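The chain contents come next:
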Amino acid sequence: MPTPVASPIPPDTVDRNMGLDAVNTTATVPTTAASISAPAARAADSPVILPLRTLIVDNYDSYTFNLLQLFTEDQLKNVVVIRNDQFQWPVFEQEILPYFDQIILSPGPGRPERAQDFGICTQILQTSHIPVFGVCLGHQGLGWIHGAAVTYGPEPVHGQIAHIKHDNSGIFHGIPQDFEAVRYHSLVVQENDLPDTLVATAWCHSFPLIAADNLSSDSVHISNLDRVLGSKVLMGLRHKTLPHHGVQFHPESICTQYGKRMMANFFNIATEFYADQNRLDSALTIPDFIHQLSVVPTEPIIPHTSPSPHHSLKQQSSPFSLLIQALDPSIFLEPEKVFSSLFLTGPRSKAASWWLDSARQPHPMARFSFMGGVETRSAHRQGSLVPGSAQAVIQYSTLHKEVLVRRYHAQTPESPRSVKLEDESSGTFWDWMSKVMAEVGKDNIETTVEGPNGEPCDFESVPFDFFAGMVGYLGYEMKRESLEGYHTPVEQECRCLGHSDVKRPCSCDCVKQPDASFVLATQAVVFDHVEKRVYVLGVVNNQPGRILDGVGGSIGFDTWEDCRNWIQDVSQSIVHLALDDSPTFNRRNSTLTGPLSHAGKSEPYLIKQRHRRQSSAGLLSPFKVDVTERDYLRAIQDSLNYIHEGESYELCLTTQFRAKVPLFQQSQDKDLHVHGDPAFDLYRILRKLNPAPFSAFLSLPTAAVEPVLAQGYRHGRVPDTENELVSKLIILSSSPERFLKIGQKPDDEEMTDDTSRTVEMKPIKGTVAVAKGCFCKEDEGCGVEEQEGDSADHTGDEDEEYTPERHGTIRDRCAEARQREDQNRVDSLSKNIKERAENLMIVDLIRNDLAHVCKAKSVRVPYLMRVESYETVHQLVTTVRGELFDHVDNTQAVRACFPPGSMTGAPKLRSVQLLDSLEHHVRRGIYSGCLGYIGIPAVAAPSQRLIDSNIKAKVRSAADLSVVIRTAVLSVEPQEDKEGQTLLVGELSVGAGGALTILSDANEEWREVLLKSRSVVPSALYQIAAKLASKYDVGREVEARQWIETVVGESFPYEGFQQSLKDGVILCKLMNVLIPGFIKIKSSKMPFVQMENIARFLEGCEKLGCPRHDLFQTIDLYENKNPGQVVDAIWSLSRHAAKAGCDIPVLGPKLSDKHEVEFSEEVLNAGKTVINTYQYGYSGGANLSGQRSGRREIGGVDPGRTRSP
């Protein structure tokens, strides 16, 4: 074949991975072997430019596809990627190899000596004399095949950067010395006794350098000046007579310099090799059947599953239409109130409800909240049901290969329909869901947008991209069908009899917690938190009799009239709720709607632990961990051993914490939907204590046939099937991390075309708390009695007269010290070697995943390891984006990236396999999966297209999913006690874990796992459940907590309300804000000192005008005797302090001015005949246990209690 003398790289492709001189790829590459060197004149005599045919052999690494970004657009047309075990060697040698001119051997886990790790790469190096470029494992295999020893390096290095020195020949021609390259390896080719056939070409020293000079101007560079020079490590080699070259580092990493130049040099080496061979046949190309073998999809996976970027205006109308109604701009209220009033279902309802809740406001990733449900209740018609659209609930088990679909028509559930995916033609659940989405979105949903008064609006003006679709989750075990090469271990097989036997109902985890579950939603309410707008939407079925094959029936509203009626009723309900909304705390729904609605957010426990005084990290009863501390520490050590052996670069080891939570009794109010759901009450607390941009509440009834509880028959009770409690799976999430988003190109990038197929992922690795409290030094004169970081307070010198001016100066000085400390934390995070290494490993993994479904040249990293600051934390965040292939639909895009790399490690497949055994084959379930929506493509309806009929309208399609972390999962089941009483009991599970690298410390990792388990406050959730059972008003406690945090300006040190206030420090800080300098705070663990703090706080309350009967006794708080009275006292304090002139928000209604009434003599005389409370006697409010409860007095002065100020 005629070999091109050059493979020119256009100048506009120069980036951080390629030096400026790399654009000149026509230069002759100097070599030392006569057989591969060619005169420069020969290159000049060969004007034909024909890209070489390149084969990449993937060793199941998570970085292989990043190599594609080192190619030019023309070169990519002649690239095929295969797995190292995809073909037997004889088949490969005879039917595949002849069609390629050069081979790249990818990185990978394991050792080259093992056939299961290196596959056909061994035979390629043994028998092929065509150009080969080995990377990492490929480099080690090249050395081993040609006689070198592969051994352990001085230290395992993963995700760290080294300075590379080289001989300026071959692969390194024209590249500056000491360029920076990323290393991911534990093994090395031993340089000391290299055989004569191999030549060392590059080296580095073993100490790591994490930061890169070639990043953006605001990047952080970490100096190596203070580090001792380590051992010399071989980084590159080549064969003396064969065109075989290798590098130990990763040229494809985002932080490696000159990666494209190295690839261009390899092309030049191959060019000269074939020029010397006089192979001038220009007719050879890669045939289509070889292209189809590539792991990179070149043809549609499922015909017509993905939306075309444009929609022909002349084609027939869509089978479905969408109506979006924008409410009046003046109408906006808290989404919690709308969800609890319209969509929340009770324990007896078989209907699903969902809320994708952007609880953290403001936040750049939390602009929209979406909610809906199978049932809709009218807020303005006493909660009566509103006729809704036909929808479906879907759940799937990977072990049973069974999809269960329960359709809801007119809000009435039908019997579940089972779909088996046992044969290969059925494909996987991913394929099934793609087909269902394609069936619904066929010809795209034609969308009509109307304003508040019914006026037509432009479809492009709609700010969100969710137009109905699948809302739910994909559990971690969906890895069984997303990871190519994964095989389910025998230990994980389900041994139940199946899910279809009504006589023997299945109770296995496949039903309790399906591997995937979605609501096919056709109606929703949308909140825009930025523009403060509310939208209501519904899907109309233009062919009501049409049955969807996947669902087994029709979906959507049967008529436009039905859809408009539903939208109108929901809109009226929202208006009714808005008009009824109070600007203060709404007690009925425990909803913050006043000035505290976004203030006083509690820090994650783990983050606070690093910079605050905390109690022991032990887990509180009744939670039990799946593994003991000893077993987990052993698993950590085994993980580190795997990393040292080169089996993985990083492993995300996890476990689960579980507890039984009683929620509801059959005898309780049957109209519970009016008052709320106990599980939803837990979520309300969670979203207030730990708000997150990807919070979510999903209530999904199981689709399996439910067993009839027989216990009731034995007690003479015939079960009331209509009012029976229902098994449900309830997810309460406060995830801060986005997994994947598909939609329009973000505003921070120039819109080069009108594509709406941009996929974005934002991995978070590295978190530190925002500095709060006092960080002044002892010599700064702030008068701190005891300096303990965030817990210290500034009250001034006790002997020095207090003045407002001096108080302000102290506060200013404290603020400056706090800012310095906060900046130090940001700098420390940005320079942290371990955090940056973990972030980089996941970034490179995500780039690899996106390259499976995106145009390789479109995968980009606009923001690399930026420190993003939020209310309570600073986080190290990277943004990765790409443009999807036209033939890849949203479901398949999610599949290519699943499971989230941040929850597995890298390489993904090998890491998942190792984690199976390390975690003793225990299901992770929903934890570590993803949650959100996969939308249906939509286009403007013909009546709203304001363009020429010959022009194609733009199609909008979207998906947005979060990583399921910081999430509580409730598997709720009805059970019967000995008396035949039906109880609703939930098994609450919380997952926690951490990424392990060679830098990890086992004991510290275990400690962090315990602390991370508290990020969703499971212990507090249990306490809340117990308080709910005893009629304790949890909503008032949460509101009191947030009020204190807002006034004081810092978060509670613990999750528990009573635990945080017990030592009196927070209360004293609160009082010093209300009455500056009133209390000299004493930080001590001695009980009498802590109780003295509480007593001083109570004195301040009385000074501000709080009646004594509103207050509590010290023992009420210190021994948790009467928590309700403590909460009542805080509420009273807020009102009386505001009335006294303090500029603070108020809990509940403000106190009215004094209202005096004059009574006539006749009225007064008539009252003398009435026996009042005092004539009955007064006990001072103490009960038999010594605690004070209830109201202390009716009026006047408490005669039984005196206290000096």
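Values in this document were obtained by computation on a predicted structure and should not be read as measured data.

## What to know about the environment of Thr522
Inference 1: With respect to the secondary-structure elements, Thr522 resides in the loop between β21 (516-521) and β22 (523-528).
Inference 2: The exposure class assigned to Thr522 is buried, which follows from its relative accessible area of 2%.
Inference 3: As for Thr522 and Met470, which are separated by 52 residues in sequence, their C-alpha atoms are 9.1 Å apart.
Inference 4: With near-sequence residues (within four places) excluded, Thr522 lies in contact with Ser389, Ala390, Gln391, Ala468, Leu537, Gly538, Val539, Ile555, Gly556 and Phe557.
Inference 5: Polar side-chain contacts of Thr522 include one of 2.6 Å to the side chain of Ser389.
Inference 6: Engagement of the side chain of Thr522 in a polar contact is seen with the backbone oxygen of Ala390, the distance being 3.1 Å.

## Section: the sheet that holds strand β4 (residues 132-135)
The strands that make up a sheet are held in pairs by hydrogen bonds between backbone atoms, and each pair lies either parallel or antiparallel.
Inference 1: Read from one edge of the open sheet, nine strands run β2-β1-β3-β4-β9-β8-β7-β5-β6, paired in mixed fashion. Bordering the open sheet on either side are β2 (79-83) and β6 (179-189), each of which pairs with just one other strand. The average undirected angle you get between the axes of adjacent strands in this sheet is 25°.
Inference 2: Bridge count for strand β8 (residues 232-239) against strand β9 (residues 244-247) is three bridges, and the pairing is antiparallel.

## Overview of the pairing of strand β7 (residues 198-205)
Inference 1: The buried fraction of β7 is high, at six of eight residues.
Inference 2: The pairing of β7 with β8 spans seven bridges and is classified as antiparallel. Bridge pairing in β8 places His205 opposite Lys232.

## Here's the deal with the environment of Ala200
Inference 1: Secondary-structure assignment places Ala200 in strand β7.
Inference 2: For the pair Ala200 and Gly246, spaced 46 residues apart in the sequence, the C-alpha separation amounts to 9.7 Å.
Inference 3: Beyond its immediate stretch of four places on either side in the chain, Ala200 contacts Asp167, Glu191, Leu194, Leu234, Gly236 and Leu237.

## Observations regarding the nonpolar core
Inference 1: Ranked by internal contacts, the top residues of the largest apolar core, which has 114 residues, are Trp354, Phe429, Trp432, Phe464, Leu474 and Phe739.
Inference 2: For this core, the leading source of residues is helix α20 (residues 833-850), giving eight residues.
Inference 3: In this structure, Leu55, Leu67, Phe267 and Ala270 belong to the second largest nonpolar core, which totals 73 residues.

## Brief notes about the side chain of Ser1060
Inference 1: Take Ser1060: it is sitting in helix α26 (residues 1057-1061).
Inference 2: If near-sequence neighbours (up to four positions away) are discounted, Ser1060 is found in contact with Phe1052, Pro1053, Tyr1054 and Ile1066.

## Here's the deal with the confidence of the model for the protein chain
Inference 1: Looking at the protein chain, pLDDT values average 78 and 73% of them are 70 or higher.
Inference 2: In the model, residues 299-306 has pLDDT below 50 throughout and makes 18 contacts with residues more than four positions away in sequence or in other chains.
Inference 3: Considering only residues more than four positions removed or in separate chains, one finds that residues 309-316, a stretch of pLDDT under 50, has 28 contacts.

Cut-offs used in this document
- Residues numbered from 1 in each chain as written.
- Predicted model: local features only at pLDDT ≥ 70, side-chain atom pairs only at ≥ 80, totals over all residues.
- Heavy atoms only, no water.
- Helix = DSSP H or I, 4+ residues; strand = E, 2+ residues; numbered from the N terminus.
- Buried < 20%, exposed > 50% of the residue type's maximum accessible area, 1.4 Å probe, protein only.
- Contact = heavy atoms within 4.5 Å.
- Polar contact = N/O pair within 3.5 Å; in protein donor to acceptor, adjacent residues only side chain to side chain.
- Pairing = 2+ DSSP bridges.
- Axes fitted to C-alpha atoms, helices over the stretch in contact; angles between N-to-C directions.
- Core = buried A, V, L, I, M, F, W, Y, C linked by side-chain atoms within 4.5 Å.
- pLDDT = per-residue confidence, 0-100.

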